[in-house]
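What the coordinates show
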Amino acid sequence: MSEKIYITTAIPYVNGVPHVGHAMDYLLADVCGRYYESIGDTVRIQAGTDEHGNKIFQKAKELGLPTQEYVDKNAKKFQDFISRLGVEYTDFVRTTDPKHEKRVQEIWTRMKDYIYLSKYEGWYCTGCERFITDKEYEENNGVCPDHQKSYEKLVEENYYFRISDFKERIRKAILSREMLILPEFREKEILRLLDESPDVSISRPREQLTWGVPVPGDDTQVMYVWIDALSNYITVLGYPEKDISDFWPACAQFVGKDILRFHAIIWPAMLLALGLPLPKTLVSHGMVLSNGQKMSKSIGNVIDPIEVLDKHGTDAFRYFFLRHIDTFADSDYTSEKFEDAYNNELANDLGNLVQRLATMCSKNNFMFDDEPAIVFPDEYSELMNEFKFKEAFDFVWTKVQAANKKIDDKKPWILAKENRLDELDEVLTELVLDLKVVSQMLLPFLPETANKIIEVFAGKIEPPKEPLFPKK
RNA sequence: CGUGGGGUAGAGCAGCCUGGUAGCUCGUUUGGCUCAUAACCAAAAGGUCAGUGGUUCAAAUCCACUCCCCACAACCA
């Protein structure tokens with residue numbers, strides 16, 4: 001019955017600091033992983049960092065740091081951030097790791113039948129040393145605003161990956177749900193994009209891109225992001241020298257909706273070229289908005305996740321982002337919503353429930369002779385299996401509220417006063433059992449809190465010395 | 001005519017696929033309780049379900065058109 005489960009997160013580009021948005025990938029993967037662990041599966045969760053490319057090279061130069069030193073520093077920041085979220089990963093991959101680089105080159109070689117050399121022609125700015133899009137060209141009337149120079153038509157050679165060879169196969173995999181795309185409504189979008197997807201350029205001349213993995217067998221070319229970054233999901237497992245069939249195909253790959261297309265088109269094409277199975281599920285989550293808008297430095301509405309974590313703690317952060325930020329759609333973050341959720345739901349509903357029930361048990365010397373077995377309600381399991389974490393979390397909360405209601409209905413304090421001890425014992429048994437189930441269901445979402453609750457109601461019951469969530 | 005998503009009580013959302021008394025959470029008002037972190041429970045107020053037309057005995061739900069918002073359009077989570 002026990003299965004081997006592999007879960008992946010997107011690897012962020014490390015030219016900046018960790019962002020609230022990055023947290024979504026990690027949290028969703030962590031919840032998923034902890035859930036499967038709780039039902040007895042063996043779980044591997046990958047995380048990592050994308051560290052090649054010009055932007056990083058330039059940023060390091062600006063800061064006067066050796067490039068490797070710069071990415072080392074930033075990779076560390078992301079690792080620290082993930083730990084602060086209470087997320088437990090088993091594998092961490094960095095694209096500048098020589099092992100990854102060597103594996104990527106081997107992957108390239110194995111894909112060779114589907115790679116060809118071709119010319120790219122476009123507008124180029126000699127000042128910026130980069131190609132610009134047609135749209136940009138039009139907006140700037142053909143003159144670079146930074147350098148006051150006219151754009152030039154330039155032709156360069158790139159290697160291309162022949163995606164067209166795999167389109168039909170990918171389409172079939174999507175339609176047959178062999179590779180399930182969640183949420184469902186994104187499927188249509190991807191199928192449409194699949195039709196239009198041209199072959200993808202996967203290398204750049206060395207003069208243009210120095211910080212990257214060299215193309216095997218061609219000193220003049222360096223790999224562009226796709227092959228290098230997307231491969232991380234399997235190089236981290238040891239592919240190609242190791243047999244990865246224990247954990248691959250992945251049970252779920254979590255990505256932001258903005259990069260779903262690459263994971264649903266280029267990535268499957270790569271896997272097919274390598275003769276590997278496709279991931280079972282691609283879960284694309286929405287973006288976190290700040291006061292109704294996309295976060296952006298120019299608007300100045302960027303939320304610093306570290307600040308929120310410092311102020312409210314890991315579980316409160318997890319609570320808000322897992323329950324009030326929709327798993328699939330964009331959702332708005334405001335500090336008022338966060339405070340409301342914290343005070344009303346964590347402190348009042350859950351924290352207070354634990355407190356009042358534990359106090360009653362303690363006063364009446366209630367405890368279980370034998371620890372009862374915990375069974376998850378079907379509804380919860382179904383939602384978790386469908387990656388509907390927010391809804392599963394909502395379901396848990398209905399149980400929290402039901403427990404509060406049950407206390408009010410049954411009025412255990414009256415039973416105690418009137419010395420109706422059998423009835424009291426029955427009510428407390430029921431309530432404590434309810435709460436034990438709640439704490440187990442809560443484990444993937446709020447591991448720290450869930451463990452505290454489990455501890456409170458194990459053996460001799462005493463209320464927690466410190467409130468679980470002190471009101472603020 | 002780019003593609004996709006959305007417009008439902010003050011706010012945030014569910015319901016729409018599989019038509020049949022409009023539901024949840026927060027907020028507001030009132031009442032109850034006292035075990036508890038002045039927490040908890042209950043009740044009430046509050047909606048012409050963006051608009052127009054169509055199909056139907058019946059439409060938030062299906063169809064057509066219109067208006068408005070958002071995201072994406074080769075890497076800015």
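What counts and what doesn't
Residues numbered from 1 in each chain as written. Chains lettered and ligands numbered in written order. Predicted model: local features only at pLDDT ≥ 70, side-chain atom pairs only at ≥ 80, totals over all residues. Heavy atoms only, no water. pLDDT = per-residue confidence, 0-100. Pairing = 2+ DSSP bridges. Helix = DSSP H or I, 4+ residues; strand = E, 2+ residues; numbered from the N terminus. Core = buried A, V, L, I, M, F, W, Y, C linked by side-chain atoms within 4.5 Å. Buried < 20%, exposed > 50% of the residue type's maximum accessible area, 1.4 Å probe, protein only. Domains from an automatic or database assignment. Contact = heavy atoms within 4.5 Å. Polar contact = N/O pair within 3.5 Å; in protein donor to acceptor, adjacent residues only side chain to side chain. Axes fitted to C-alpha atoms, helices over the stretch in contact; angles between N-to-C directions.

**Topic: the confidence of the model for chain A**
Detailed conclusions should not be drawn from predicted coordinates in areas where pLDDT is low. Mean pLDDT over chain A stands at 88; residues scoring 70 or higher make up 95%. Predicted as a complex, the structure gets a pTM of 0.92 and an ipTM equal to 0.88.

**Topic: the sheet that holds strand 15 (residues 331-333)**
If you trace the three strands from one edge of the open sheet to the other, you get 14-13-15, paired in mixed fashion. Sheet topology places strand 14 (293-294) and strand 15 at the edges, where each strand pairs with a single neighbour. As defined by bridge partners, strand 13 (residues 288-290) adjoins strand 15 across three bridges and the pair is classed as parallel. From the neighbouring strand, Leu 289 faces strand 15, where its bridge partner is Asp 332.

**A look at the nonpolar core**
Within the largest apolar cluster, 94 residues are counted, with the highest numbers of intra-cluster contacts made by Phe 254, Phe 321, Tyr 380, Leu 442, Phe 445 and Phe 457. Sorting elements by how many residues they give to this core places helix 13 (residues 335-363) first, with 12 residues. Mapped onto the domain boundaries, this core takes at least three residues apiece from domain 1 (4-286) and domain 2 (334-456). Excluding residues within four positions of it along the chain, Phe 321 makes contact with Val 20, Met 24, Leu 27, Val 288 and Tyr 333.

**So, the side chain of Thr 95**
Along the polypeptide, Thr 95 turns up in the loop between strand 3 (91-94) and helix 4 (98-110). Given the relative accessible area of 0%, Thr 95 is considered buried. A distance of 2.7 Å separates the side chain of Thr 95 from the backbone nitrogen of Glu 51, its partner in a polar contact. Excluding anything up to four places from it in sequence, Thr 95 contacts Ile 11, Thr 49, Asp 50, Glu 51, His 52, His 100, Glu 101, Asp 228 and Ala 229.

**With respect to the side chain of Asn 343**
With respect to the helices, strands and loops of the structure, Asn 343 is situated in helix 13. Since its relative accessible area comes to 14%, Asn 343 is described here as buried.

**So, the sheet that holds strand 1 (residues 4-9)**
With parallel pairing, the six strands of this open sheet are ordered in space as 3-2-1-11-12-7. Unpaired on one side and paired on the other, strand 3 and strand 7 (180-182) mark the two borders of the sheet. When strand polarity is set aside, the average angle formed by the axes of neighbouring strands in this sheet is 20°. Strand direction decides the pairing type here: strand 1 and strand 11 (residues 252-256), joined by three bridges, are parallel. Across the sheet, Ile 7 pairs through a bridge with Ala 252, a residue of strand 11. Contacts from helix 1 (residues 20-38) reach strand 1, strand 2 (42-49), strand 11 and strand 12 (281-285), with the element oriented near 165° to strand 2. Strands in contact with helix 3 (residues 67-84) are strand 2 and strand 3; relative to strand 3, the strand with the most contacts, it is inclined by about 155°.

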